[in-house]
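Remarks on the overall topology
Chain by chain, the residues run as shown.
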2 protein chains.
Amino acid sequence: MNQDKEIIGVKEIARRANVSIATVDRVIHNRTGVSVKTRNKINAIIQELDYQPNILASRLASKKTIHLAILIPSASDETQFWQAPLRGIRRAESEIKQYGVHIDTYFFDLNDKESFRKQARAILDKKVNGVLLSPSFVEECTEFIKSCNQKSIPYVFIDSTIPHQNNLSYIGPHLFQSGYLGAQLLTYGLKGNSHKLLIVNISKEVDNFNYPQIEEGFRSFFQERGDSNAIVRIDIRQTGYASVREELSKALQQHPDVDALFVTNSRVSSVARFLESQSLHDTLLIGYDYLPDNIEYLKKGTIDFLICHKPEEQGYRGVMALYQTLVFSASVEKEYFMPIDIVTRGNYEYYRN
Amino acid sequence: MNQDKEIIGVKEIARRANVSIATVDRVIHNRTGVSVKTRNKINAIIQELDYQPNILASRLASKKTIHLAILIPSASDETQFWQAPLRGIRRAESEIKQYGVHIDTYFFDLNDKESFRKQARAILDKKVNGVLLSPSFVEECTEFIKSCNQKSIPYVFIDSTIPHQNNLSYIGPHLFQSGYLGAQLLTYGLKGNSHKLLIVNISKEVDNFNYPQIEEGFRSFFQERGDSNAIVRIDIRQTGYASVREELSKALQQHPDVDALFVTNSRVSSVARFLESQSLHDTLLIGYDYLPDNIEYLKKGTIDFLICHKPEEQGYRGVMALYQTLVFSASVEKEYFMPIDIVTRGNYEYYRN
DNA sequence: TTCAGCTTCGGGTACGTACCCGAAAATTCG
DNA sequence: CGAATTTTCGGGTACGTACCCGAAGCTGAA
């Protein structure tokens, strides 16, 4: 009804401060060449008027383009997980490329630490204004971000994190809580409180921050309740199906009375395949990520629940976080935890990554 | 690495066509005053160069503002549900108001059809370029959108829909599937397949498209499985707690062996309150929406699951859909189904509406 | 032929901000 | 005290598009 407040711009600020537009501009961009007195006066007016710069005009007038580098694992046959963050990154790119943002993507091999190092070096060789990366290898990554710190290049972690670093933001799951939820879902499906549960960890990496946190959350749920469940854990270091089958066979021979399995990552489809081959239809199975293979077993009922942390949105938000800080100097939450989504047969059709 | 194609603009088109920028502009906007010959020549060049207008410059130079009207229920004490869509609308507004979009919000009372009519008329009296509305009252809404059709004003439905209308888009849940999921979650928590289930519908409205769809989905799950559950349904037409208590008491006296309750909307907290007062802690309870009252009972374990359709995002997307079509003539999906989210004690902390 | 009326088109300014360049004022130094 | 710096500031142009205004050119009627 009422047209609220007039939109005001640098011109109005300049008029009120009795200075030129150029001076106001200098203050806004924290450039040098303004006396303290003038600067304060202008800042006061900006505060008072709650000035919001016109992004359109700003980006239009600015000639410089912003260069962002992305450093993530390539999506392999083994797990297509990283396709999703990449989709989110592409989506962000197409939204902001007309605003003068350019994105270069660098992939590394999750089985090859050296490839990470190499790509990291390649990024440092180019002039880059910000980096979005998955800190998959702790040591190599620490080295890389040391250089970024020196050059004052902001960087954002997605999917996993390294604690106590100078990263602009971490965008990803709260893994402890995610494991906790997995335990709750299993419990809900199992009557009584003395069961045998199997945690399955299929991964080449040993020195990883992630899985321990998930497992901790998982166990803590039962501790809180004082349940007398027996929880067994197995590690499978070779990710191919053959080795998964072998290790699982062994484990189930040793513990034939397992009621439920909890797989700590997206390779749950391998486990589902095994369970199906053994006609173990009543065993509960929970794992991670909205991947085609997993969804197939979800549909059939072999997998009961998938937990998912919106990987596509992680990519999207990661890029946007860099964009926001670099273009608007906007502040960003240091830790942005993704929702812990539950995907099941009844809602997978409408799930959005 | 390589700087792809040069970005070309109207200036370049004008140069190639040997005309002025103004003429190119006329062609782009289908304005009159250009000879057929010139028009064709320019169009050919636009095609050839795959010209993409610079949105920044375009919006900056254009003086006209777009007026959007929002027509949604006011958030009452009874249910704060509509606060969430409103938040999303405000968020969208703050993003695009600098692009020359103005939003006016009109609230109506869910207990008063006349208030809907009145606000609808108010909207039609003003010059409006697009409308976002919740079609809560079928008859009144049908009348309203008839006028919109006549005036060629695009309109978007959120949260619920009226089938076979000329709406630009529907943004909201797939209700059938949502009820289906509710049934699946109950089943997962109940061993065996012969239980007594109670569907609770607390609402003043009778002629509503929504609840029947949810119930249909709910029942269809058990039909598929061939379960022999007994499903009872009660309708509570007064939404205050007193009447909820009374009706539920009656129902539970008649059916003392109820194992689980499914509440078809956000008033599940009233039911939880009743169950708690009766110390019925083992009865499963599922309902809708991420509201403070509901979350309290979720934490305590009285409510087992809440199903949620991202109401905030519905508001946000609704506004953006109108913006996209009106500003960029972008096409929009006629039906955009929201995810059917499962909120429970283990993940409510990180849920995002 | 002249002039009114119409069609077709180009010049030029504006949108709000970024930033170059040079001028004026303040400061330092010999 | 004058000159050389340095600091502080304003004018003005550019970004790519929208759109006003008026100038040609053309048509047809008197």
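Scroll up a little and you will see the structure.
I will try to describe carefully the structure that is included in this document. These figures come from a predicted structure and were not determined experimentally.

The subject of this paragraph is the environment of S329 of chain B. The topology assignment puts S329 of chain B in the loop between α13 (311-328) and β11 (335-337). Assessed through its relative accessible area of 64%, S329 of chain B is described here as exposed.

The next subject is the interface of chain B and chain A. Contacts between the two partners involve 42 residues from chain B, matched on the other side by 44 residues from chain A. Between chain B and chain A, the buried area comes to about 4,100 Å², and carbon and sulfur atoms account for 57% of it. For the chain B face of the interface with chain A, the top three residues by lost area are L56, Y188 and Y350 of chain B, together amounting to 20%. Our enumeration of links across chain B and chain A arrives at 19 residue pairs in polar contact (both at pLDDT 80 or more). Elements with a contribution of two residues or more to the side of chain B that touches chain A: α4 (55-61), β2 (101-108), α8 (175-189), β11 and β12 (341-343) of chain B. Class assignment for the residues of the side of chain B that touches chain A results in 23 nonpolar, nine polar and ten charged.

Within the largest apolar cluster, 92 residues are counted, with the highest numbers of intra-cluster contacts made by F144 of chain A together with F144 of chain B. Contacts of F144 of chain A, omitting those with residues within four sequence positions, involve L71, F116, A120, I123, L124, V131 and L133 of chain A. Ranked by size, the runner-up nonpolar core spans 55 residues in total, among them F81 and A92 of chain A together with V156 and A321 of chain B.

Here we come to the protein's contact with DNA strand C. What surrounds DNA strand C is a group of 26 residues, the closest being D25, H29 and Y51 of chain A together with S20 and T38 of chain B. The sugar-phosphate portion of DNA strand C accounts for 68% of its atoms within 4 Å of the protein, the bases making up the rest. Contact between DNA strand C and K64 of chain A: a phosphate oxygen at 3.2 Å from a side-chain N or O atom of the residue. Contact between DNA strand C and R26 of chain B: a base nitrogen at 2.8 Å from a side-chain N or O atom of the residue. When residues of the surface near DNA strand C are traced back to their parent elements, those giving at least two are α2 (21-28) and α4 (55-61) of chain A together with α2 (21-28) and α4 of chain B. Grouping the amino acids of the surface near DNA strand C by side-chain chemistry returns eleven nonpolar, eleven polar and four charged.

Across the chain, the bulk of peptide bonds are trans and the bulk of non-glycine residues have phi less than zero. Residues and elements named next belong to chain B. In this model, D50 sits at a positive phi of 50°, which is unusual for a non-glycine residue. Topologically, D50 is positioned in the loop between α3 (36-49) and α4. Within the chain, S279 stands out as a residue other than glycine whose phi angle is a positive 55°.

Below, the discussion takes up the relation of the copies chain B and chain A. It takes a turn of 180° to lay chain B on chain A, together with a shift of 0.7 Å along the axis; the resulting RMSD is 1.1 Å. Accordingly, the operation relating the two chain copies is best matched by a two-fold axis. Most of the interface of chain B is mirrored in chain A, where 100% of its interface residues are also at the interface.

Okay, the packing of helix α1 (residues 10-17) of chain B against α3 of chain B next. Residue and element names in this part refer to chain B. Close contact between α1 and α3 brings their axes to 10 Å; oriented N to C, the two are set at 130°. On the basis of their axis angle, the class for α1 and α3 is oblique. Of the two possible hands of crossing, α1 and α3 adopt the one that is right-handed. Across the interface between the two elements, E12, I13, R16 and A17 of α1 pack against K41, I42, I45, I46, E48 and L49 of α3. Residues of the contact of α1 with α3, tallied by class, amount to six nonpolar, no polar and four charged.

All names here are of chain B. One open sheet accounts for six strands, arranged β7-β6-β8-β9-β10-β12; its pairing is mixed. Of all the strands in the sheet, just β7 (230-236) and β12 have a single pairing partner and so form its edges. Put simply, the sheet's adjacent strands are angled 20° from each other on average, direction ignored. Contacting β6 (196-202), β7 and β8 (260-263), helix α10 (residues 241-254) crosses the sheet at an angle of about 155° to β7.

Around DNA strand D sit 26 residues, and of these S20 and T38 of chain A together with D25, H29 and Y51 of chain B come closest. In DNA strand D, atoms within 4 Å of the protein come from the sugar-phosphate backbone in 66% of cases. Within the contact set of DNA strand D, a phosphate oxygen lies 2.6 Å away from a side-chain nitrogen or oxygen of T38 of chain A. R31 of chain B has a polar side-chain atom sitting 3.4 Å from a phosphate oxygen of DNA strand D. Elements with a contribution of two residues or more to the surface near DNA strand D: α2 and α4 of chain A together with α2 and α4 of chain B. When grouped by side-chain class, the residues that make up the surface near DNA strand D number eleven nonpolar, eleven polar and four charged.

Our focus in this paragraph is the pattern of salt bridges. Residues and elements named next belong to chain B. By the definition in use, this model includes 40 salt bridges over all chains. The shortest N-O distance in the salt bridge between K300 and E276 comes to 3.2 Å. On the criterion of sequence distance, the pair formed by K300 in helix α12 (residues 292-300) and E276 in helix α11 (residues 268-277) is long-range, its members being 24 residues apart. The class for K300 is exposed, based on a relative accessible area of 52%. Between D341 and K310 there is a salt bridge whose closest N-O contact spans 2.8 Å. In this pair, D341 is assigned in strand β12 and K310 in the loop between β10 (305-308) and α13, connecting sequence segments 31 residues apart.

About the criteria used
- Residues numbered from 1 in each chain as written.
- Chains lettered and ligands numbered in written order.
- Predicted model: local features only at pLDDT ≥ 70, side-chain atom pairs only at ≥ 80, totals over all residues.
- Heavy atoms only, no water.
- Helix = DSSP H or I, 4+ residues; strand = E, 2+ residues; numbered from the N terminus.
- Buried < 20%, exposed > 50% of the residue type's maximum accessible area, 1.4 Å probe, protein only.
- Contact = heavy atoms within 4.5 Å.
- Buried area = accessible area lost by both parts, 1.4 Å probe.
- Polar contact = N/O pair within 3.5 Å; in protein donor to acceptor, adjacent residues only side chain to side chain.
- Nonpolar A, V, L, I, M, F, W, Y, C, P; charged D, E, K, R; others polar.
- Core = buried A, V, L, I, M, F, W, Y, C linked by side-chain atoms within 4.5 Å.
- Near = heavy atom within 4 Å.
- Least-squares fit on C-alpha atoms with pLDDT ≥ 70 in both.
- Axes fitted to C-alpha atoms, helices over the stretch in contact; angles between N-to-C directions.
- Parallel < 35°, antiparallel > 145°, perpendicular 65-115°, else oblique.
- Left-handed = near helix turned anticlockwise from the far one by under 90°.
- Pairing = 2+ DSSP bridges.
- Salt bridge = Lys/Arg side-chain N within 4 Å of Asp/Glu carboxyl O.

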